[in-house]
Structures are given as C-alpha cells and as structure tokens.
Amino acid sequence: MISGSISRRYARALLAIGVESGRYEPFGEALQRVAELMQDKSLQTVLENPSILPSRRKAVMAELLTRLGLEGPVRSLCLLLVDRSRTEFIPAIAREYRVMADEHAGRIRASVTSAQALDAGSATRLTRALEEKTGKRVILEQRTDPELIAGLVTTVGSIVYDGSVRTALEQLRHSLLEHEQ
C-alpha cells in the first residue's frame, strides 16, 4: 500500500508539471521508456544496490537518460529517485502516470482478448460500443488466446465482460454438476 501511495504522489507531481507546461503526453511516453528499461536485471542491480556509491548510481542513471535524449522534469524525477533510493518505483510511477494522464485526457484503456485477432471493423465497433458505455474515448489493446474457443473477454478498468465460449461451457459444467447432486 505504501508503494502505491508513493508512486501516485510522484506521478501526480509530474502530471501537474506536464499539464502546466502542456507536455504531459510526452512526459508519459518518456517515463514509460525509462520504466521499460528498468526491467533489465543488471540495471536494477546497479541502481538498487546500496554497496554501489550513490554518486555512481546517479551517474549511471544520468548516462542512461542522456542516451534516451531525456531532459527536463522526467530526467529530474529519475535522478531524484536515484538520490532517494526509490528507482524500483519507476515502473509503478509510470503506470500511475498513465492512468492519471488518461483520466485527464478523458480516455480509458480497455483490453479485449479473443480466440483470434479481431478484424478492423469488429475492433472499431467494439471501441465505439465501449465509448458509448463509458462516455470516454477508448484505447483498445488487443490480445489473442486460442483457449477462449470463441467470443471475447473485455476488461475496462476493473470491470470484466466475459462473453467467451470457454466461460459459458465452464458455467454449464458447474450447472450440470449442481443439478446432478
């Protein structure tokens, strides 16, 4: 819980700066790039190892940010996180930032999982239906899972709409087992 509040606090501060400067979208993209690099175990080891001098850890982060071409508030945030030994929070901060930026922009992310990839027309119809339901612009992320057999599983925020054949068969199986007893 503490890590969530820490991540939200840093994300909220960066978003405020981004909104004020009109650059909150590029800030989010830059922060996401840093978060993706933080998945590298050797980088994590260097940045989170207390036996490595803080000045060395900061120099490594500064070099990384320079190679990414990052300046300004995102760079400052990352270097501050090194100073405070909180670099492990960067991926969570990036996730929180994305949620807050989406909310600020009046959009929501939805994920749809289907047995086979959706054609463009189906994806467009689904996006429009979700936009009507939520009242927000929907960014649809698509995945495939052949085990669904057919149908869709759509997640919007914390709400899951499961219209998969796999789930229907599972519910039927449970129903038959209950009636058998």
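Quantities reported herein were computed from a predicted structural model and do not represent experimental measurements.

About the criteria used
- Residues numbered from 1 in each chain as written.
- Predicted model: local features only at pLDDT ≥ 70, side-chain atom pairs only at ≥ 80, totals over all residues.
- Heavy atoms only, no water.
- Pairing = 2+ DSSP bridges.
- Helix = DSSP H or I, 4+ residues; strand = E, 2+ residues; numbered from the N terminus.
- Expected span 1.5 Å × (residues − 1).
- Buried < 20%, exposed > 50% of the residue type's maximum accessible area, 1.4 Å probe, protein only.
- Core = buried A, V, L, I, M, F, W, Y, C linked by side-chain atoms within 4.5 Å.
- Contact = heavy atoms within 4.5 Å.
- Axes fitted to C-alpha atoms, helices over the stretch in contact; angles between N-to-C directions.
- Parallel < 35°, antiparallel > 145°, perpendicular 65-115°, else oblique.
- Left-handed = near helix turned anticlockwise from the far one by under 90°.
- Nonpolar A, V, L, I, M, F, W, Y, C, P; charged D, E, K, R; others polar.
- Patch = residues over 30% accessible without salt bridge, like charges linked within 9 Å, V, L, I, M, F, W, Y side chains within 5 Å.
- Areas by Shrake-Rupley, 256 points an atom, 1.4 Å probe, with all protein chains shown as cover.
- Salt bridge = Lys/Arg side-chain N within 4 Å of Asp/Glu carboxyl O.

Trainee: Which residues make up the pairing of strand 3 (residues 152-156), and what are the values?
Mentor: Walk down a regular strand and you will see the side chains alternate between the two sheet faces. Pairing of strand 1 (residues 107-114) with strand 3, which is carried by five bridges, proceeds in the antiparallel orientation. Bridge pairing in strand 3 links A110 to V156. In this structure, strand 3 lies alongside strand 4 (residues 159-162), joined through four bridges in antiparallel fashion. The residue bridging V153 from the neighbouring strand is D162, located in strand 4. If you look at the hairpin formed by strand 3 and strand 4, you'll find two residues sitting between the two strands, and G157 has a positive phi there, around 65°.

Trainee: I'd like to hear about helix 6 (residues 90-105), residue by residue, with values.
Mentor: In a regular helix each residue adds 1.5 Å, so 16 residues correspond to 22 Å; helix 6 covers 22 Å between its end C-alpha atoms and thus fits that length. Of all the residues in helix 6, the buried ones are I90, P91, A92, I93, A94, Y97, M100, A101 and D102. The positive-phi residue at the C-terminal boundary of helix 6 is G106, with phi of around 75°.

Trainee: Describe in detail the nonpolar core, supporting the description with residues and values.
Mentor: Core analysis: the biggest nonpolar cluster contains 33 residues, and L31, M61, I90, I93 and Y97 have the highest contact counts within it. Mapped by element, the contributors of at least two residues to this core are helix 1 (2-21), helix 2 (24-37), helix 3 (41-48), helix 4 (54-68), helix 5 (72-83) and helix 6. Leave out the neighbours within four places in its chain, and M61 touches M38, L47, C78, L79, V82, T87 and I90. With eight residues, the next largest nonpolar core counts A123, L126, L130 and L140 among its residues.

Trainee: Residue-level account of unusual backbone geometry, with values.
Mentor: Even without being a glycine, S85 presents a positive backbone phi close to 55°. Mapped onto the fold, S85 is located in the loop between helix 5 and helix 6. Overall, the relative accessible area of 45% leaves S85 in the partly exposed class.

Trainee: Any chance you could break down the packing of helix 2 against helix 4 for me, citing the residues and the numbers?
Mentor: Running from N to C, helix 2 and helix 4 point in directions that differ by 125°, and their axes come no closer than 11 Å. In terms of axis orientation, helix 2 runs oblique to helix 4. Crossing geometry of helix 2 relative to helix 4 is assigned as right-handed. Contact residues: R33, V34 and L37 in helix 2; L64, L65 and L68 in helix 4. Among the residues making up the contact of helix 2 with helix 4, the classes are represented as five nonpolar, no polar and one charged.

Trainee: Help me get a handle on a nonpolar patch on the surface, residues and values and all.
Mentor: On the surface, a nonpolar cluster with roughly 400 Å² of combined accessible area is contributed by I149, L169, L172 and L176. Along the chain, L172 turns up in helix 8 (residues 165-180). Using a relative accessible area of 47% as the deciding quantity, one classes L172 as partly exposed.

Trainee: I'd love a proper account of the side chain of S7, names of residues and values included.
Mentor: Positionally, S7 belongs in helix 1. Excluding its chain neighbours within four sequence positions, the residues that come into contact with S7 are F89, A92, I93 and E96.

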